[in-house]
Each structure stands twice: as C-alpha cells, then as structure tokens.
Amino acid sequence: MIDHLIERIDQGGSTIVISGEPGIGKSALLDVARHRASERGFTVLGMTGVLAEVHLPFAALEQALRPLMKGAVGLVPRQRSALLAAFGMHDDAGPPDIFLVALATLSLLSERATREPLLLVADDAQWLDQATYEVLAFISRRLSSDPIVLVVAMRDDFKSSLGDASTYRLRLSGLDAADAEHLLDANAPGLPAELRSRFLKEASGNPLALVELPRGERAAGDIPWLPLTDRLERAFSNRLPDLPHIARLLLFVTAENDSTSLHEILFAGQAVLGERVGIDAMAPAVAAKLIEINGTEVRFRHPLVRSAMHQAADPVTRQRIHAALAAVIHDQLDRQLWHRAAATIGPDDELAGEYDRMAARALRRGAVAMAIEVLESAARLSSTAKAKSDRLLRAAELAADLGQPELMERLLRQADIDESNQLALVRIAWCREISQPPAVNDPAKILALIGFAARAHTAGAIDLASNLLWRAAQRCWWSSASDELCARVHDAATRLQLPDTDPRLIAISAYVEPLRRGADVYLKLQGLAGNAHNDPTVASILGSIANVVGTFDIGVSFLAESSAALRTQGRLSDLARVLFAQGWAETEVGDWRGAMREAEESARLAEETGGLPWIAAATILKARLAGMQGNLEQSEAYAAQAEALALSIGASFLLAMLQIARGVSAIGAGRHWEAFEHLRRLFTTADPAFNFGVRFFGLADFVEAAVSSGNADAASRVLDEIERASAPTPVPWVGTMLQYGKALLAAPEDAEQFFLQGLGPAAKKWPFLRARFLLAYGRWLRRQRRSANARAPLREARDMFDALGASPWSDRAREELRASGETSRRRTEQVWETLTPQELHIAQLAAEGLSNKEIGARLYLSHRTVGYHLHRIFSKAGITSRAGLGPILASISRPAD
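Residues numbered from 1 in each chain as written. Predicted model: local features only at pLDDT ≥ 70, side-chain atom pairs only at ≥ 80, totals over all residues. Heavy atoms only, no water.

Q: Mind showing me how you'd approach the overall build of the protein here?
A: Summing up its helical and strand segments, the protein has 45 helices and seven strands in all. By its C-alpha atoms, the protein is 110 × 70 × 55 Å across when sized along the principal axes. Split by element, the accessible area of the protein, about 37100 Å² in all, is 51% carbon and sulfur. Side-chain charges of the protein comprise 99 positive and 108 negative groups, with the mean position of each set lying 3 Å from the other. (Helix = DSSP H or I, 4+ residues; strand = E, 2+ residues; numbered from the N terminus. Areas by Shrake-Rupley, 256 points an atom, 1.4 Å probe, with all protein chains shown as cover. Lys, Arg positive; Asp, Glu negative; His and termini not counted. Charge placed at Lys NZ, Arg CZ, Asp CG, Glu CD.)

Written out as structure tokens, the structure is:
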C-alpha cells in the first residue's frame, strides 16, 4: 500500500493511517516508508509522539517542520504570525486559532512539495500533543492535489479523527504461525520445547513479543497471566537487575525527561547520584538493547521500554530526578516548571502562580487544551480552597469554550464551589450552557437561565447577565418557547438597563418576538448598518438578528463582514454557522450562486469542526436551492440527509426550515397538495416542525400551496394571524408576503390593488418573491382578458427567474406568455453554470486578481489544490488562462441589482 501511494504521487497526495497493538510493527513499517520515499527523491519529515512530551503544545509539529522553517518568510503574514506564535517565537499577534496554524503548516508543506514530493511521517500519534494532532487532522483532509503523503501510526485503542472517506486505513495483525515460529527460532534458538510453546502462545504473532519475551523470561515455571503489553514491559524491566546501579539510574532519568538531550540526562543523573557521570555509564543499557544513542540524543528502542522504566523507578527516585531536571533546564521555562511541579509534594503557591502565567502563555500560543491542563496542575498546587476552585473554574470555562462537556464536568466536580459564592455558581451555569448546542426544547433551562441572570445582575456582573439572557432568547427561538417565557426573558433584559444599541439587547427583542418587534428592530439595524464593526461576533449577532426578523438585505452585509473576519482569524467553527446564515439571506436577496457557495462551504467546515446543527442547516439550504432550481431528486436527497440530522438533534427550527425547503420544491414541481402538506406543519402548534420564529418564513409558499390545492380557508386564517402578530407595521419582506397572500386570496375584482401594492419599491429587494408576484399578476391579467397588459409583468418575471436559475418558474412564465400571444426563446445555459459552487468561488476570486496562494489562504486550501481546481475550470470553460474568466463570469448578475 505504501509503495502504491509513493508510486502514484504524480496523481496527488493521500493519507494512510496504520493502527495496531504495541509491538506489531507499525514503526518498522514507517521506516520502510521513509526508505522508499528517500529512494524516490522525496523530502522526508517526521514526528513522534512521546508520552513525556504530551504537555508541550506544538512540540511534535515544531520537530517536523524545523527543516522547513526558513520558508516561513514566504507565508501570508497572518499565517506566518500564527505559526511563529504557536512555536513561541512571536508573542505580539494575539492567540492564533488552531486552524490558522494548520493552514500555515499546509502552506509550508505545499510550497516545499512544489520542488520535490514530500513524505510526512507521524509515529505514536496517540501521544502527540493535542495541538499537533489537530493540525494533522486538518491537513490529512487536504492533500489530494499536492504531492504529499502523510503516514500516521497509532495504537488500536486510540480514537482517531484523522482523514476522511478517501483516507487509506490499515490495521496490522500478528504474524501467522509459521512466520512466528521462524522469528522466534531466529532470535532465540535452542529454547526448550515447553518454553518455546509458551512464548509462541503468549506472543500471538506479535513480533516485538517474539523477540523480547525470550530475553526477559527464560524460566518455564508458573507465571501469572498478564496482558501482552504488561508482559512486554516486565520483559524489559527484568533486564534492570543485570545492569550497574548508575546505568539503571540513567535509564530512569531518560524515562522522566521530556527531551532526548544526552546532556540533560547526564547532568541530571550526576545531580541525583552526587558524582560525575560520563557517557560510558550508559553503555550497559545500550548493550541490553534498551536504548540507542545517536550523537547527542538518547532514545528508547520502543515506547514500552520508557513505560517499563517509569514503573520500575520508585516515587522518591522519580521526585529526585524531576528536581534535578528542573535544575538542569535553564532556557525553557515551561519545561522547567513542569519538572518543578512533578518534584513538588503538597501545596506551593509560588509555583502555582508560575503555572498561571504558563497557562497565559499557552493561550497566547493558541494551545487552549494545554492551558486547561496547566490550570488543573496549578489547582493541585494551591494552598487554599478558594484559589483551587477559582483555577479549576477558569479551566472549566476554557473546556466549555472548546466544546468538551465531559472534561468541563470533571473539572467542575473537582472545584468544590462554596454554595454561598453566587457568582461562581452562575459562572458554572454559563459553562454548562455554552458547552452544548441549545436546540432541544426544554423550557426549564430557559427559566434557569433567567434565574442565573438575575443572580449575576445582583452581583454586578452585567455582562454575564446579558449573555445568559441572550442565550435564553436563543433557546426561546430555537425551541419555540411559550409567549409567557419569551416575555419573561424580555422583561429581565429590560431590567439590565443596557444601552439601546447593545447588540444583545436588540437580539433578545428580535428572538423572543420577531414579528411584533420586527419594525423596531429594523429601525435599530438601519441605524447600525454601514458602520464598521471590529468584532466579527458583533457583526454576526447583528446579521442573525436581521435574518430572524426578515430584513435579509441588511443581514447580508453584516454576515459578509463577519464571515470575512472569521475567515481571516481562522475561526472555522464560527465561520460554518455564519456562512449558513449568510447563505439563507443571500437566497432571499437573489444571490443564489453565492448562497449555494456558502452552503457548500458551511457544510464542509461544520463537518470538520463537529458542528452537527450547522451541517443539517447548510444541507437544508442546499435542498431548498436545488428544489427552487428544479433539481427535485437532488433536493430530496439533501432533505432526507438533513431530516435524519435534525431529528437526532431535536431542533424545531431545523424541521421548520426543512418543511419550507420541501414545500417550495413541491410548488416548483406543480405538486401543490404535497406542498400544502409539508407547509401546514409550520402552522400546526402540536407538530414537531412548528416554530414561532420560523413559521412566517414560509408564509408566501403556504398561501400559494393552499390556494392552489383548494385550501384557501386555511391560508386565510394563517394570513390573518401573521398580519395581527406583525401589526401595526410589518418589516418590508413580511409586508410584501402579506400583500402576495392577499392578492392570491382576493376575489378577482379585488385582487389588482394587492398586486400593485405588493409590487411597490420594497419588493425589488426580494427578486424571487417579486418574480412570483409578477407571474401571478400576469396570470391574473390574462384571465381578466387583458393579455396585452399581461405580457410586460410576465416578461419581467421570466427574465428574473432565468437570472436566478429558477427553471420551473421560468417554464411557467413562458407558458403564460405563450398563452398571452407572445413566444420566448428557451433559456441558454451559461458556461459558469457548469462549475461546482467551489469552482465558481475560486473562479470569481481568480478573476478579481487573487493569486493561488491568496485564494488558498481565504478558502483554507493549499495553493496546489487551488491550481487543480483552476485547471478543471479552464477545461470546462474552454479557456487557457485567467484572462478568459472575466468574460465568462460577467453574465452573473444579481436580480436585486
């Protein structure tokens, strides 16, 4: 398999994950990979996870990239700063996001691979530091267009998130009986038959066991059963009695050191022994095949040797060794502190303070998981219960931000918070709230959030109280809470006396009563529109508010601002959520190409970052867009996929959006009764798809489906309900839908006034809705025997549908025009319509003049992948250079313009 991946490197890169039990031959296979790649002229880079080094963030990554770091000067500035900050070489750029570090790594590898193919080997991945592992997971999914092979080895019991569906996976099993016998006889000839049989049975084909067990156990007596790993560790530790005392001590030092430095090991050993020690003292350990010395580095021959030596040393010896290592290490403060803590018994407030500062350094490097571990260690060193609980609570808050509820709960259990510390209890509640997606309908949680906000308010923590109520409002919207609960959230927010322009206060109003408070929210958003917001979170909140009340024209600009900043900062989890919201808004304002582009990227990033609700949401958006464009089979495939996800989450807002997607698709297909069945669920309070915040999104679709399926009475009731709820002044989009519904429901002699009112200036912001309005008006005019008057609105509707790509509605407009006495040419497919959403995005960025490297930085792809896509684009478009992109893309227009 490795030969195959290396031989086909000119067709693109790949990832292979090799797993198996300790000693099965993973590392030996990696050695073969290195040798084969070197013979083929590959650059070979490597990293090895070591349990003693797992507390050092980015340590393994820095080890692998060291030969390439001169090339960091050519990285995009933000990527370069992130990578240098991660390696502790740059401290003034703020904490880098892990995905920005990962993109910088990918760019560095990809750039080197333009000169010669590259092999990156990661051994013992189960012991890589968390930050390095996350970077590997990122790049493992992005190598298909680069001449890079990533080979990763890990133990069987390690849960891996590396790679994707295209990743090669190989699990190594033991040798067969004949090969096992051959290996045992070659390494331990002349064994007594009983002992030989026992070793073969215990090894179960494990090569390391077949080689090492005979060296450690030659007695055939009764030995209690042990797992193979334990038996191997005992085989290694059984060699210790034959070694001189100094050699044993130096092995223990090597096991406790988080470096391979021979200098550190010898000097620490000297400090423990109280006598001068030379390299010759390690010769017996080398002869016993426990370690290897290569220049200035000492390495164990297998990780199990390290664990055996660690267990063989008594606690007092280990403590003395850590104290000696702390004294030897001078130029690496964090390592020195780690050894000081390992040598400390009992509280040490001075050292705990040093650990607080170490946690701050870890956060500046973007190593949040490491900061959590450091704070937990600082808590153990704390002399007072208050200091201990405060540090554990800070660690729990970081765990909540990381979305690790199990780790957060473990930390909170240790914190032992005093029940009289009300603010601490509120902080715990906030941790628990933000560590989980709040999509489940649970009114009790909303009530609890209101209560916690009141306590925070009393304690003077206004910002925390605001966040709690903002979250409560989100829960109200996501789970369609009762009017009473929504009112309580709003009243509590009013009591905080926040500034009128505080985004959270505006958001609370929008989320608890989107229709009744929509007009007031709309005015506030108009006042904030056009202002630059330095914080993408604020822009995201404002964009989401706009979507919730139906002012998508304002929402698009806020969300585009937020997504651009999040992309630059590498905050891909947040970006996935914002891209979905941006795509939904773009759908309403007529940028369907952009909407599909955002939906595709949102789904991809959400899958990568574990954002299950946003995978479902983006897939629903894709279903809606595919249905409106007449691709019914694809639309239903997306809908079925999204439905399974939405049901597993239990989110009514997702189910509501799904009914809208299925309903409009059925309308496009002319299946109005089916559309009515889907859409009436939005307005049936007992239905799982009922959601007070989303139901009015499907108003125009529902009325059209109901009228066309003989259910006009149902449409009339819903229309009256929405009109009352949005009184006295609905936002323009809702007002346009209300006029559309009235026009469809009105008696023939009364309908025209509603058509004319609905087709006013406001409707121009909503191209699809306006085009449907025009189609309905033209149809009404023709049926009133005013065919000549019908042609202009029908012609305009046809052109708008054509521009959107809404082929079912385009066909209807042409049919109506033909019935009115005017024929239309069939719509001609544009070249750019043959491109996938990602290809179109890349083509547009290339046409704007961005280089492959700049496009890759924006889309979190390697520049080679961008080049691959451009090659496909040129082939589809029949062009040979970027210069040809402009004319092809010039025909893309937004009807709203």
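Q: What is the right way to look at the nonpolar core in this model?
A: As a rule of thumb, soluble globular proteins bury nonpolar side chains together. F58 and L120 are the most contacted members of the largest nonpolar core, which totals 230 residues. Those residues in contact with L120, other than ones at most four positions away along the chain, are L45, G46, M47, A64, L109, L136, I139, V149, L150 and V151. If you look at the next biggest cluster of nonpolar residues, it comprises 48 residues, including L228, A285, F300 and A324. (Core = buried A, V, L, I, M, F, W, Y, C linked by side-chain atoms within 4.5 Å. Buried < 20%, exposed > 50% of the residue type's maximum accessible area, 1.4 Å probe, protein only. Contact = heavy atoms within 4.5 Å.)

Q: Sorry if this is basic, but what is going on with the pattern of salt bridges here?
A: Here the idea is simple: oppositely charged side chains can pair when their charged atoms come close. This structure, assessed with the given rule, holds 59 salt bridges. For D185, the salt bridge is made with R196, and the minimal N-O distance between the two is 2.9 Å. Here R196 lies in helix α8 (residues 193-203) and D185 lies in helix α7 (residues 177-187), a separation of eleven residues in the sequence. Residue R196 is classed as partly exposed on the basis of its relative accessible area of 23%. The closest approach of N and O atoms between E752 and R786, which form a salt bridge, is 3.1 Å. Residue E752 is found in helix α38 (residues 751-758), and its partner R786 is found in the loop between α39 (767-783) and α40 (787-804); the two are separated by 34 residues along the sequence. (Salt bridge = Lys/Arg side-chain N within 4 Å of Asp/Glu carboxyl O.)

Q: Would you mind showing me how to read the packing of aromatic side chains here?
A: Remark: the centre distance and the inter-plane angle together describe each pair of aromatic rings, the angle taken between the planes. Per the stated rule, a full pass over the model turns up 27 aromatic pairs. The interplanar angle of 80° and the centroid separation of 6.4 Å between the aromatic rings of F138 and Y860 together place this pair among those described as edge-to-face. Of this pair, F138 sits in helix α6 (residues 130-140) while Y860 sits in the loop between α43 (852-859) and α44 (863-877), and the two are 722 residues apart along the sequence. On the accessibility criterion, Y860 (1% relative accessible area) is buried. Ring geometry for F552 versus F697: centroids 5.8 Å apart, planes at 75°, classification edge-to-face. (Phe/Tyr/Trp six-rings, centres within 6.5 Å; stacked < 30°, edge-to-face > 60°.)

Q: Help me understand the pairing of strand β2 (residues 43-48) in this model?
A: Regular strands have side chains that alternate between both faces of the sheet. Only one face of β2 is covered, namely the one carrying T43, L45 and M47; the face carrying V44, G46 and T48 has none of its residues buried. Both β2 and strand β3 (residues 118-123) contribute to a ladder of six bridges, which runs parallel. In the sheet register, V44 faces β3, and the bridge partner there is L119. (Pairing = 2+ DSSP bridges.)

Q: Just to check I follow, could you spell out helix α18 (residues 368-381) for this structure?
A: Every α-helical turn comprises 3.6 residues, leaving residues that sit three or four positions apart pointing alike. With 14 residues, α18 should cover 20 Å at 1.5 Å per step; its first-to-last C-alpha distance of 20 Å lies within 8% of that length. Most of α18 is tucked away, with ten of its 14 residues classed as buried. Listing the buried residues of α18 in full gives M370, A371, I372, V374, L375, E376, S377, A378, A379 and L381. Buried residues along α18 sit in contact with α16 (333-342), α17 (349-364), α19 (385-401) and α20 (405-415). (Expected span 1.5 Å × (residues − 1).)

Q: What should I look at first to understand the environment of W592 in this one?
A: In this fold, W592 is placed in helix α30 (residues 592-609). Overall, the relative accessible area of 2% leaves W592 in the buried class. Taking C-alpha positions, W592 is 7.2 Å from L625, a pair spaced 33 residues apart along the chain. When residues no more than four places from it in sequence are discounted, the contact partners of W592 are E586, T587, L625, M628, Q629, F768, L804, G805 and A806.

Q: For this particular structure, what's the right way to read the sheet that holds β2?
A: Backbone-to-backbone hydrogen bonds pair the strands of a sheet. The strands run either parallel or antiparallel. Here we have five strands laid out as an open sheet, ordered β2-β3-β4-β1-β5, and parallel in their pairing. The open sheet is flanked by β2 and β5 (168-171), the only strands paired with a single partner. Sheet twist, expressed as the average angle between the axes of neighbouring strands with direction ignored, equals 15°. Both strand β1 (residues 14-20) and β5 contribute to a ladder of four bridges, which runs parallel. (Axes fitted to C-alpha atoms, helices over the stretch in contact; angles between N-to-C directions.)

Q: Explain unusual backbone geometry to me, please; I cannot follow it from the model alone.
A: Working note: non-glycine residues mostly have negative phi, and peptide bonds are mostly trans. For the bond from A727 to P728, the omega torsion is 5°, close enough to zero to count as cis. Along the polypeptide, P728 turns up in the loop between α36 (712-725) and α37 (732-745). The backbone phi angle of S204 is positive, close to 50°, even though this residue is not glycine. Mapped onto the secondary structure, S204 falls in the loop between α8 and α9 (207-216). Phi at R785 is positive, roughly 60°, even though this residue is not glycine. Judged by its relative accessible area of 80%, R785 is exposed.

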